Amino acid sequence: MRVTVRAPASIANLGPGFDILALSIALENEVEASTDVGDGISIDPGPGAPEELGVPARNLICRAFTSACEAAGAGVPASVHFRCRNRIPFGRGLGSSAAATLSGILAANTLAQLGWDDQQVIRHAAEIEGHPDNVAAALLGGLVICAGAIPAVRVTVPERLRAAVFIPDLEMSTAIARRVVPLSFSREDAIHNAARCALLVAAMLTGELHLLGEAMRDRWHQAARGELMPHVPLAIDAAVAAGAHGACLAGAGPAVLALCTGDTDRVGEAMAAAALTASVSGRVETFAVRNTGTRVDVAA
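Small disclaimer: the values here were computed from a predicted structure and weren't measured. (Residues numbered from 1 in each chain as written. Predicted model: local features only at pLDDT ≥ 70, side-chain atom pairs only at ≥ 80, totals over all residues. Heavy atoms only, no water.)

1. With respect to the packing of aromatic side chains
The condition is simple: Each pair of aromatic rings taken from Phe, Tyr and Trp, with Trp reduced to its six-membered ring, is defined by centres within 6.5 Å and is described as stacked if the planes are under 30 degrees apart, edge-to-face if over 60, and tilted in the remaining cases. Helix and strand assignments come from DSSP, with helices taken as H or I runs of at least 4 residues and strands as E runs of at least 2, each series counted from the N terminus. Only protein chains enter the accessibility calculation, which uses a 1.4 Å probe; a residue whose area is less than 20% of its type maximum is buried, one above 50% is exposed, and one in between is partly exposed.
In this structure the tally under the stated criterion is three aromatic pairs. Residues Phe-65 and Phe-82 carry aromatic rings whose centres are separated by 5.4 Å and whose planes lie at 80° to one another, so their mutual orientation is edge-to-face. Of the two residues, Phe-65 sits in helix α1 (residues 60–71) while Phe-82 sits in strand β4 (residues 79–85), which places them 17 residues apart along the sequence. The pair formed by Phe-65 and Phe-82 is uniform in burial state, with each residue classed as buried.

2. Details of the packing of helix α3 (residues 118–129) against helix α4 (residues 133–140)
Selection rule: Angles here are taken between N-to-C directions and fall from 0 to 180 degrees, while the axes themselves are lines fitted to C-alpha atoms, restricted in helices to the stretch in contact. Should the near helix be turned anticlockwise from the far one by less than a right angle, the crossing is left-handed, and should it be turned clockwise, the crossing is right-handed. Pairs of residues are marked as contacts when any of their non-hydrogen atoms sit within 4.5 Å. Basically, the charged four are Asp, Glu, Lys and Arg, the nonpolar ten are Ala, Val, Leu, Ile, Met, Phe, Trp, Tyr, Cys and Pro, and anything else, Gly included, counts as polar.
It is at 8 Å that the axes of α3 and α4 come closest, and there the two elements cross at 145°. Note on packing geometry: the crossing formed by α3 with α4 is right-handed. Residues Asp-118, Val-121, Ile-122, Ala-125, Ala-126 and Glu-129 of α3 touch α4, and the partners they reach there are Val-135, Ala-136, Leu-139 and Leu-140. For the contact of α3 with α4, a count of residues per class yields eight nonpolar, no polar and two charged.

3. Points about a nonpolar patch on the surface
Our working rule: Two joining distances apply to patches: 9 Å for like charges and 5 Å for nonpolar side chains (Val, Leu, Ile, Met, Phe, Trp, Tyr), and every residue must have over 30% relative accessible area and no salt bridge. The Shrake-Rupley method, run with a 1.4 Å probe, gives the accessible areas here. Residue values count only the displayed protein chains as cover. Salt bridges are defined by distance alone: a side-chain nitrogen of Lys or Arg within 4 Å of a carboxyl oxygen of Asp or Glu.
Together, Met-1, Val-296 and Val-298 give the surface a local cluster of nonpolar side chains, amounting to about 240 Å² of exposed area. Structurally, Val-298 can be placed in strand β11 (residues 295–299).

4. Description of the sheet that holds strand β8 (residues 246–249)
The following threshold applies: Strands are treated as partners if at least two bridges between them are detected by DSSP.
Here we have four strands laid out as an open sheet, ordered β8-β9-β7-β10, and antiparallel in their pairing. Of all the strands in the sheet, just β8 and β10 (282–288) have a single pairing partner and so form its edges. Between one strand and the next, the sheet's axes are offset by a mean angle of 20°, whatever the strand orientation. Here strand β7 (residues 162–168) runs beside β10; their pairing, made up of seven bridges, is antiparallel. Across the sheet, the residue bridging to Val-165 is Glu-285, located in β10. Its contacts with the sheet place helix α10 (residues 264–276) against β7, β9 (256–260) and β10, and it is angled at close to 25° to β7.

Listed below in structure tokens is the structure:
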């Protein structure tokens, strides 16, 4: 049996929505898992992947696969080979680890016949990832709202929206970027962020995208992370000045997201130029938003 999982990139937080909001975009990884090749678990990590990802014990796809089988009380298949086609950049805040985790779990769900529904998949992926936002957006598509034990809620986003993403040449560890986030903040800042989370969801639901500029303003995590990544506030300001509806740090960074319906080339050029003033080089790519989630295809 062969299963192919196509999991999209996802961008979490979206400014004020730390560990709450995430958006799926039209960039995907493809993982093929086959049960008729070799013995045990093996993996071809794909072109450009770090060498250590060819070792199953160090590859998140393989670990998620095994973890899901064990959590469901199912036996791990005696022979599974994974082959990867990676398009989501590693370590940039675009949900590459969530896509890998999801791919492993969904491959297990099919090959080991776990029978898990979407919310069970999200819950187990969140146990591995530490938070559900990226995996929920990748699995369900669109904009997702994660609120603890409540099942993730999906919102369809306007198809005319485009994501201009500045992708730096440098990487950033999610663990390091999370450590600098304050554990508490003032009531005033809490109200600010709560209001803007609500405003962001309203902008997506109503199509009043001009609200995104204010809706994507954060008072919790971005300032602290900006000290680690000084190009971020510069690129955000440049994107808005160039015509983006709103902009923010992409996930834990170091990429920067600008949401646009106008001239994405102009916005991208502005972000790249601003980042260069902080001695950070990179490239800009533009993606459609993705209202469809992860696709799973099965062949005998």
